[in-house]
Amino acid sequence: MPSITETLTEVTRFVIAPRTLDDPRSAGFLHDAHALGLTAVKRICCADLYFIQGRLTPTEVRVLADRLLHDPITHNVTQNLSAAGKMSAADCVSGDAFVIEVALRPGVTDPVAEQIVRAAHMLGIKGVQAAGTGLRFEVQGGGLSEADCHLLAARLLSNPVIQHYTLGEIEPSFPLPTQASDAVETLPIRALDDAGLMTLSLERRAALDPNEMHAIQAYYRTEDRDPTDVELEMIAQTWSEHCVHKTFKARISVERPGRPEAEIIPNLFRATIRAATETINAPWVLSAFVDNAGLIEYDGVNAISFKVETHNHPSAIEPFGGANTGVGGVIRDVLGVSAKPVAATDVLCFGPQDTPFETLPVGVLHPRRILSGVVAGVQDYGNKIGLPTVSGGLWFDPGYTANPLVFCGCLGIAPKDTHPHQPQPDDRIIVLGGRTGRDGLRGATFSSMTMDAQTGEVSGASVQIGAPVVEKGLIDVVLLARDAQLYHAITDCGAGGLSSAVGEMTSTLGGQVQLECVPLKYPGLAPWEIWLSEAQERMVLAVPPASLPALQTLCERYTVELTDIGQFEASGRIVVRYGQKTVLDLSNDFLHNGLPQRNLAALILPPRCPAGKTAPLPLHEHDYAAALLALLAHPNIASKERIIRIYDHEVQGGTLIKPLAGLAADAPADAVVLRPPDSAGTQALALSAGMNPEYGKLDARQMALNVIDEAVRNAVAAGADPERIALLDNFCWGDPLRPETLGELVEAAYGCYDGAVYFGAPFISGKDSFNNEYLGSDGQRHAIPPTLLISGLGLLKDARAGVSMDLKAAGNALYRVGAFAPTFGGSHYSLICPPGEQPPAEGVPALNPITRAVYRTLHAAMRGGLAAACHDLSEGGLAVAAAEMCIGGRLGLDLTLEDAEPLRALFGETTGCLLVEVPQQHTATFEATMSGLPCRRLGAVTAAPRLTARCAGQVLMDLPVDTLRNAFQQPF
Amino acid sequence: MPPKALILFAPGTNRDLDAARALEQAGAVPEVVPLNRLRRGERRWQDYQMLVLPGGFSYADALGAGKLLALELQHDFAGPMAEFVASGKPVIGICNGFQALVKSGLLPDPVQAAAEAQATLTFNAGGHFECRWVTLLPVSQTCIWTRGLNEPIDCPVAHGEGNFQARDPHWIDALVASGQAALLYAAPDGRPAHGAYPYNPNGSAADIAGLCNPAGNVLGLMPHPEDHIFAEQHPLWTRGLARGSGLALFRNGVAYAGQF
């Protein structure tokens, strides 16, 4: 078993501490400790710990310390034999100082430790057998107690899912060498009654319902035997929500109050998402919904692929690893269509950062920790693999406290028609990349379950740790192998590991696998663990035997491990052996077609207030300036610069309109414009996003229309052609077994159909994540707000037609284009407004039928060079959009409103509207171009950096741009 | 014959193609070569007139940025690296490549480093990775890459460990005096950054963004001039303010390589 460890006497311990007292990493920990309420801590000194197992001479110890483990200019090193110098908790206390040490649990992937062993051997120190890493914290503070230190260690310095800590010196542990295992359990399913079947499903954490367990039982009765554990695990993974989208494909019976008969939806996905794409039937969609990522036409030579995934539950229990492998996973999706990854996106939803500790449900990490861990995870993977992380979003809501959302996207490019996807009989089943450990076992079923307080503990093995450089090697090799036509098919190892990847590839033919060939990180894995492991950074290829030597050569060149684990054959079955023993033998027909359709019930309740419906505002004085500043500082609107800057958004050299716009690069761009270096023409791509859980809470259907409009609008603002925008849908929802929750999903899916068809913007790929709920210790289920992320992928015929959002020159005119119909339903103004001054209940914004014509015409004007800047109206309304444009250009605006309710005009939210800056000499042409469409000149750009808004001879607000910027840059 | 540029590729290298594009634009014939091919003799060092150590995260920057690549260069390729440098052919290390050159002792001065490491590139003063555009002043006539350049170069930095520090702070004055400090961080208007963030993005001593060896043929720099080779890459191109292409640097290097 994995937890068996021993402490060897021959372990040398190295402590590497910074020489300076103002070490930035230590300062960061101190800052975080204070943010978490541990204000008694006055100082933290953080040092790195390395443990090296093996007999070493004193010279070797010195060489390791000086040449490998520390930088003599900046750090000091001390070393000793680990067991000899062990301090107890009591020993480590001196006055007000404590020592806390943290190390990884045995079996958790530790890429640095692997490099230490490799480098030590390169230095000729062959006695090094294994290595481990850790951190040491010397903590000081008046009145600090031992209990405080435990709190600090548990809340900030360690995560029990992957690490352990002690007060005092920690004992390193290394996995014990164990025997290979061929242990297979037979599960007597045929004899079980209904209760027994459900117990089995629960015990194996299979997340299968009674119908599905019955189907499995029936299969084994016809096979006249019982399943092995390997088989049941594979069926559970293959049939998981994560892999087959049971909810979207379920037969749904829909009830609405006042209607006697239920409506039946035979397949929600076909009726909505897929139907939209089929109805639009755009000739430039090359592939939708069939592969790991959708494909569109780009420049005549290349196709663009795009995929967005979620990695919510893993990020909840181990934020860094969860987000890290979320990025790694979606990159492999793009590599799985033989495309070169060229950009990454991340959209994140967290609980409020000031959530008090006392209110956190048991077993939930603080939202501040989740945010910093997730952001660090995205940063680590994207930066190290060399992908620009270009666009994203951040949304805070108490509903995400226990169940954060992490959407990771990846964009790829490949010459058209170069992605092979038909394995042939006798092709070898080849695994490329990392070795297999217990990482991420049962990830697919885990992600399909509701989280409870035990989730972190029980699913500890589900934690995956990424190794981006290993995946970079995969990219290097796969792209060369594609160009040399060395494989017939490729797929990534994601949820379900080899079982899912090989199962998918052999679904049309059949094949057999020898499990003992799979290279392991450490011995002792049972066959089902090898088959199901979600160890990262692996791809599976179907390689004709004749091409194998060429592929092997490439792999050696790029230091990538290649393993032959079996072959494809036209048997219609998948057979897995461990040595001589057959551990799995399933018919493809049962495995891929045997899943019974789910029958679900939905209840659709009408929104409390229809979209677009407003009510007269009570007449009283408003402090417009204060409201604007509060909105700019709202965490959903405030600057995300501190996150954007720690992502490399410039690597590959294709980022033309950057995520941060303007003179000082501190204003928020609407969309990013990219021209990947492999582009063959003048074209470029716009990446945008739309999401609004506040609308989702009120009206799921209209929310979907709104966020599609937002994704389209953002792309148009950056210069994309509104008739060439592809969409991706990512639903994150609660438990679909609750009829109201499913009702909201049905509504949102129909909203997606309506929105996509209206704009002629087809869906090319999508993903859903359910059971985003949390069972708290109070016994209540906490569900997240209905969350739909729409990612937009727009096309610019010429990269140089890109438009940024920052104001360009004093004297230019500012126009508002689009049907302006602001409401306060779901608005951010409602969020910042004190309870007594809340606007009346109103509907969410409604989409005006003229919007598509507005975008089309605006785009023509932009192509004609008439727009100096363009920015869309979104959260916070017109005033926020205007303020952001001022910040971008460090210029002012003098605007005159003619609206009866200035509060509504400034802060109400609307669909379909943008602000456009037009040079004075083009105003006549611009107005002529927009004639017949809603377009109003609001004022002019001023050299004086002030945002002034007037109405009926009265000055509503007059704010210096520096004041706007200070509010916008408030830390969240 | 245009000079051939050898772009070294280690596991984790990721700005190799960015560098290749810049060199191609500057008139060289670049080839990305995995270290394993050199190790096996499938490619020969002497067939190239320029050497590039591009950006990335070689070996995941485990144990310090560029550290393990530096160790590999010292251990497996010490001879050919020293020969290439001694031949006077132009060598450039960008970001991770710069880190590897410093940590293997090839910069700033291999003679002094042989006794004891004199300098390092350590964690940014801000404590984290940072991606932003910076302005660089080419100030060295010693360095063949910056010789004759008068205009500032604008290009992005993207690193977490680019803070140049020396064992002896006075030694840095000597580097500046000898012309080894080749590129300095500056404010957008071209005035020296004087350590002020964000113009000096990482806290480097004396605003040093790039350094050359005493002979001037080996340049290491943290920023990425290879990511500014056409106007639309510049953050202010939509304002008509693109300037300071990084190509100037590469053109200098390629022209110099022409003699070998």
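Computed from a predicted model, the values in this text were never measured in an experiment.

For chain A, the helix and strand inventory stands at 30 helices and 42 strands. In terms of C-alpha radius of gyration, chain A reaches 29 Å, essentially the compact-globule figure of 30 Å for 972 residues. Structurally, chain A occupies a C-alpha span of about 85 × 70 × 55 Å along its principal axes. Taking all 972 residues of chain A together, the buried fraction comes to 59%. For chain A, long-range pairs separated by at least 24 residues make up 83% of all intrachain contacts whose partners lie at least 6 apart in sequence.

Here the focus is the overall build of chain B. A count of helical and extended segments in chain B gives 8 helices and 11 strands. Radius of gyration (C-alpha) of chain B: 17 Å, near the 18 Å computed for a compact globule of 260 residues. If one aligns the C-alpha atoms of chain B with their principal axes, the spans along those axes are about 50 × 40 × 35 Å. Across the 260 residues that make up chain B, the buried fraction comes to 61%. Put simply, of all contacts in chain B between residues at least 6 apart along the chain, 77% involve residues at least 24 apart.

Time to look at the interface of chain B and chain A. Put simply, an interface is often sized by how much accessible area is lost when its parts join up. Contacts between the two partners involve 46 residues from chain B, matched on the other side by 48 residues from chain A. Those elements that provide at least two residues to the side of chain B that touches chain A are helix 1 (16-25), helix 2 (35-39), helix 3 (67-76), strand 5 (119-122), strand 6 (130-138) and strand 7 (153-159) of chain B. Here the residues of the side of chain B that touches chain A are counted per class, giving 20 nonpolar, 15 polar and 11 charged.

The next subject is the sheet that holds strand 22 (residues 562-568) of chain A. All names here are of chain A. An order of 19-21-17-22-20-23-24 is seen for the 7 strands of this open sheet, with the pairing classed as mixed. Taken across any chain shown, the strands that pair with only one partner, and hence form the sheet edges, are strand 19 (489-492) and strand 24 (581-587). Ignoring which end each strand starts from, the neighbouring axes of this sheet average 20° apart. Summarising the sheet, strand 20 (residues 511-514) and strand 22 pair through 3 bridges and their orientation is antiparallel. Across the sheet, Gln-512 pairs through a bridge with Gln-567, a residue of strand 22. Lying over the sheet, helix 15 (residues 468-483) contacts strand 17 (428-433), strand 19 and strand 21 (538-543), oriented at roughly 135° with respect to strand 17. The sheet contacts of helix 16 (residues 497-505) involve strand 17, strand 19, strand 20, strand 21 and strand 23 (573-578), and relative to strand 19 the element is tilted by about 155°.

All names here are of chain A. Tracing the sequence through the fold places Ala-17 in strand 2 (residues 11-18). Between the C-alpha atom of Ala-17 and that of Glu-917, which follows or precedes it by 900 residues, the distance is 54 Å. Setting aside chain neighbours within four positions, we find Ala-17 in contact with Cys-45, Ala-47, His-75 and Asn-76.

All names here are of chain A. The geometry of helix 23 (residues 700-717) relative to helix 24 (residues 739-759) is characterised by a closest axis approach of 7 Å and an angle of 35° between their N-to-C directions. Read as a crossing pair, helix 23 and helix 24 show a hand that is right-handed. Contacts between helix 23 and helix 24 involve Ala-700, Arg-701, Gln-702, Met-703, Ala-704, Leu-705, Ile-708, Asp-709 and Val-712 on the former and, on the latter, Glu-744, Glu-747, Ala-748, Tyr-750, Gly-751, Cys-752, Asp-754, Gly-755, Ala-756 and Phe-759. Classifying every residue of the contact of helix 23 with helix 24 by side-chain character gives 11 nonpolar, 3 polar and 5 charged.

This brings us to the sheet that holds strand 13 (residues 302-310) of chain A. The pairing of strands in a sheet comes from backbone hydrogen bonds and takes either a parallel or an antiparallel form. Residue and element names in this part refer to chain A. A sheet is described by the order of its strands in space; here 6 strands give the open sequence 11-12-13-16-14-15, paired in mixed fashion. For this open sheet the edge positions go to strand 11 (285-287) and strand 15 (389-396), each flanked by a neighbour on one side alone. When strand polarity is set aside, the average angle formed by the axes of neighbouring strands in this sheet is 20°. Pairing of strand 13 with strand 16 (residues 405-415), which is carried by 9 bridges, proceeds in the antiparallel orientation. Paired with Glu-309 across the two strands is Cys-408, which belongs to strand 16. Those strands touched by helix 11 (residues 319-335) are strand 13, strand 14 (340-350) and strand 16, and its axis lies near 25° from that of strand 16.

The next point concerns helix 1 of chain B. All names here are of chain B. Most of helix 1 sits out of view: 7 of its 10 residues are buried. Within the span of helix 1, buried status applies to Asp-16, Leu-17, Asp-18, Ala-19, Ala-20, Ala-22 and Leu-23. Contacts made by the buried residues of helix 1 are with strand 1 (4-9), strand 2 (29-34), strand 3 (50-53), strand 4 (91-94) and helix 8 (247-257). Within two residues after helix 1, Gly-27 carries a phi angle of roughly 105°, on the positive side.

Moving on, we get to the packing of helix 20 (residues 624-633) of chain A against helix 27 (residues 877-889) of chain A. Residues and elements named next belong to chain A. Packing of helix 20 against helix 27 leaves a shortest axis separation of 10 Å and a crossing angle of 70°. Taken together, the axes of helix 20 and helix 27 are roughly perpendicular relative to one another. Contact residues: helix 20 offers Leu-628, Leu-631 and Leu-632, while helix 27 offers Ala-879, Val-880 and Ala-883. Among the residues making up the contact of helix 20 with helix 27, the classes are represented as 6 nonpolar, no polar and no charged.

This part covers the nonpolar core. Ile-100, Val-673, Ile-708, Val-746, Ala-882 and Cys-886 of chain A together with Val-52 of chain B are the most contacted members of the largest nonpolar core, which has 397 residues in total. Sort the elements by how many residues they give to this core and helix 23 of chain A lands first, with 11 residues.

Let's shift gears to the confidence of the model for chain B. For chain B, the mean per-residue pLDDT works out to 96, and 100% of the residues sit at or above 70. Interface confidence for the predicted complex, expressed as ipTM, amounts to 0.97; the pTM equals 0.95.

Right, let's talk about helix 23 of chain A for a bit. Residues and elements named next belong to chain A. The first and last C-alpha atoms of helix 23 sit 25 Å apart over 18 residues, in line with the 26 Å expected at 1.5 Å per residue. A large share of helix 23 lies buried, amounting to 18 of its 18 residues. Immediately downstream of helix 23, the backbone of Gly-719 shows phi near 110°, a positive value.

Residue and element names in this part refer to chain A. Following the sequence through the fold, Tyr-624 ends up in helix 20. Classification of Tyr-624 as buried rests on a count of 20 C-beta atoms within 10 Å. Along the backbone, Tyr-624 and Ala-879 are 255 residues apart, and their C-alpha atoms lie at a distance of 9.4 Å.

Residues and elements named next belong to chain A. The buried fraction of strand 3 (residues 43-53) is high, at 9 of 11 residues. Sheet analysis places strand 2 next to strand 3, joined by 6 bridges and oriented antiparallel. Across the sheet, residue Phe-14 finds its bridge partner in strand 3, namely Tyr-50. As paired strands, strand 3 and strand 6 (residues 130-140) are joined by 11 bridges and run antiparallel to one another. Within strand 6, the position partnered with Arg-43 by the bridge is Gln-140.

A few words now on the environment of Phe-14 of chain A. Residue and element names in this part refer to chain A. You can see Phe-14 is positioned in strand 2. On the basis of neighbour counts, which here come to 23 C-beta atoms within 10 Å, the residue Phe-14 falls in the buried class. Residues Phe-14 and His-70 lie 56 residues apart in sequence; the distance between their C-alpha atoms is 9.4 Å.

Turning to the pairing of strand 4 of chain B, a few remarks are in order. Residue and element names in this part refer to chain B. Burial along strand 4 is two-sided: the face carrying Val-91 and Gly-93 and the face carrying Ile-92 and Ile-94 are both buried. The pairing of strand 3 with strand 4 spans 3 bridges and is classified as parallel. If you follow Leu-53 over to strand 4, its bridge partner there is Gly-93. Pairing between strand 4 and strand 11 (residues 218-221): 4 bridges, direction parallel. By the bridge assignment for strand 11, Val-91 is matched with Val-218.

Where the residue is not glycine, phi is negative for most of them; where a peptide bond is considered, it is trans in most cases. All names here are of chain B. For the peptide bond that leads from Leu-107 to Pro-108, omega is -10°, which places it in the cis range. Structurally, the position occupied by Pro-108 is in the loop between helix 5 (96-103) and helix 6 (110-115). Of note, the amide linkage connecting Tyr-197 to Pro-198 takes the cis form, showing an omega dihedral of 5°. On the secondary structure map, Pro-198 appears in the loop between strand 9 (181-186) and strand 10 (208-212). A positive phi angle, close to 70°, is found at Leu-63, a residue other than glycine.

About the criteria used
- Residues numbered from 1 in each chain as written.
- Chains lettered and ligands numbered in written order.
- Predicted model: local features only at pLDDT ≥ 70, side-chain atom pairs only at ≥ 80, totals over all residues.
- Helix = DSSP H or I, 4+ residues; strand = E, 2+ residues; numbered from the N terminus.
- Rg over C-alpha atoms; globule rule 2.2 N^0.38 Å.
- Buried ≥ 20, exposed ≤ 12 C-beta atoms within 10 Å, placed from the backbone.
- Contact = placed C-beta atoms within 7 Å.
- Nonpolar A, V, L, I, M, F, W, Y, C, P; charged D, E, K, R; others polar.
- Pairing = 2+ DSSP bridges.
- Axes fitted to C-alpha atoms, helices over the stretch in contact; angles between N-to-C directions.
- Left-handed = near helix turned anticlockwise from the far one by under 90°.
- Parallel < 35°, antiparallel > 145°, perpendicular 65-115°, else oblique.
- Core = buried A, V, L, I, M, F, W, Y, C linked by C-beta atoms within 7 Å.
- pLDDT = per-residue confidence, 0-100.
- Expected span 1.5 Å × (residues − 1).

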